[in-house]
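Close look at the chain arrangement
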Amino acid sequence: MTGKFITFEGPEGGGKSTHIKLLADFLRSKGKEVLVTREPGGTRLAELIRSLVREELEDPPVTQSEVLLFLAARAQVVSNVIRPALEKGVWVLCDRFSDSTFAYQGYGRGVEVDLLRRLNDFATQGLVPDMTVLLDVPPEVSRSRLLARQADTNSTADRIEQAGEDFHRRLREGFLAMAKDEPQRFTVVDSSKELEDVSKNIEEAVLKLL
Ligand code: Z5A
């Protein structure tokens, strides 16, 4: 494969969507063809799964179903969007990927991470990002950004955003532990800093891939 695969991870409100847009512009200015996608989502079926996992249902998915729904969405976007793009030499920027499953369903919900890794390998057929940008923010910053956004857009927190403080603490620790285990793949950026500084840190890290 000739394209590069960069994923963005971290707690909610870390700025993933914001920085993916900025990085896409930066890479295009360097002459790269860029595809931006997100998880869950990126194909019709995966977007349907996205609405299902975020919805307030009378019978919300049990943990096992939640894992399988995220993995089903991932299998679709990997096979139909990400791999074909990488094979054509396109740079793919993805808002969340496998590490979100390990963090949310593993560290957050308590599913054994080794089991998740095996199931995830089946879904992705072994696709691993070239680089993962972890936008790290403390829970209080994440919460205040989400509240500000909810006020701006007149929206409410979804099912996963409503999980308790302890869940969000575990999930942040999980992301940081994974980054420590794989320093060659992860770039950890302190996203509580000014937007321009965060963006500069990301560009500097990505320049090494160019
Ligand atoms: N999930 C899972 O459980 N398992 C899985 O395997 C996968 C996902 C793949 C996806 O929801 C949910 O699915 C997510 C994990 C779960 N759970 N939750 N909750 P999503 O994609 O809709 O939500 P998200 O990924 O958490 O993204 P987000 O909330 O949209 O946040 P973001 O994209 O990281 O941040 P943003 O929209 O770019 O920025 C948030 C606000 O902060 C915005 O107003 C920005 O202008 C502002 N911002 C950003 N950076 C800064 C700085 N540096 N300073 C000041 N303000 C800033």
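Predicted model only: the values in this text are computed from it and were never measured. (Residues numbered from 1 in each chain as written. Predicted model: local features only at pLDDT ≥ 70, side-chain atom pairs only at ≥ 80, totals over all residues. Heavy atoms only, no water.)

A short note on helix α1 (residues 16–29)
Residues separated by three or four positions in an α-helix point in the same direction, a consequence of the helix having 3.6 residues per turn. Inclusion rule: Counting from the N terminus, the helices are the DSSP runs of H or I reaching at least four residues and the strands are the DSSP runs of E reaching at least two. Expected helix span is taken as 1.5 Å per residue step, with the number of steps being one fewer than the number of residues. Each residue is assigned to one of three classes by its accessible area relative to the maximum for its type, calculated with a 1.4 Å probe on protein chains only: buried under 20%, partly exposed between the two thresholds, exposed over 50%. The reported arc concerns the directions from the helix axis to the C-beta atoms and nothing else. We call two residues in contact when some of their heavy atoms are within 4.5 Å.
Here α1 is 14 residues long and its end C-alpha atoms lie 20 Å apart, about the 20 Å a rise of 1.5 Å per residue gives. Along α1, the residues classified as buried are K16, H19, I20, L23, A24, F26 and L27. Projected onto a plane normal to the axis of α1, the buried residues spread over an arc of 165° and lie on a single side. Along α1, exposed side chains directed more than 90 degrees from the buried face belong to K21 and S29. Packed against the buried residues of α1 are β1 (5–9), β2 (34–38), β3 (91–95), β4 (131–136) and α8 (195–207). One or two steps after α1, the chain reaches G31, where phi turns positive at roughly 90°.

Quick notes on the site of the ligand
To keep it simple, the criterion reads: Here a residue is near a molecule or strand as soon as one of its heavy atoms is found within 4 Å of it. Think of a polar contact as two N or O atoms within 3.5 Å of one another; within protein, one of them needs to be a possible hydrogen donor and the other a possible acceptor, and neighboring residues in sequence only count if both atoms come from side chains. Using the Shrake-Rupley algorithm and a 1.4 Å probe, accessible areas are obtained, with residue cover drawn only from the displayed protein chains.
Lining the immediate environment of the ligand, one finds 27 residues, of which K16, S17, T18, R54 and R96 sit closest. Within the contact set of the ligand, an oxygen atom lies 2.5 Å away from a side-chain nitrogen or oxygen of S17. Protein contact buries 85% of the 1100 Å² of open area that the ligand shows by itself. Put simply, the parts of the chain that give the shell around the ligand at least two residues each are α1, α2 (44–54), α3 (63–87), α4 (98–108) and α6 (139–153). Looking at which element gives the most residues to the shell around the ligand, the answer is α4, with four residues.

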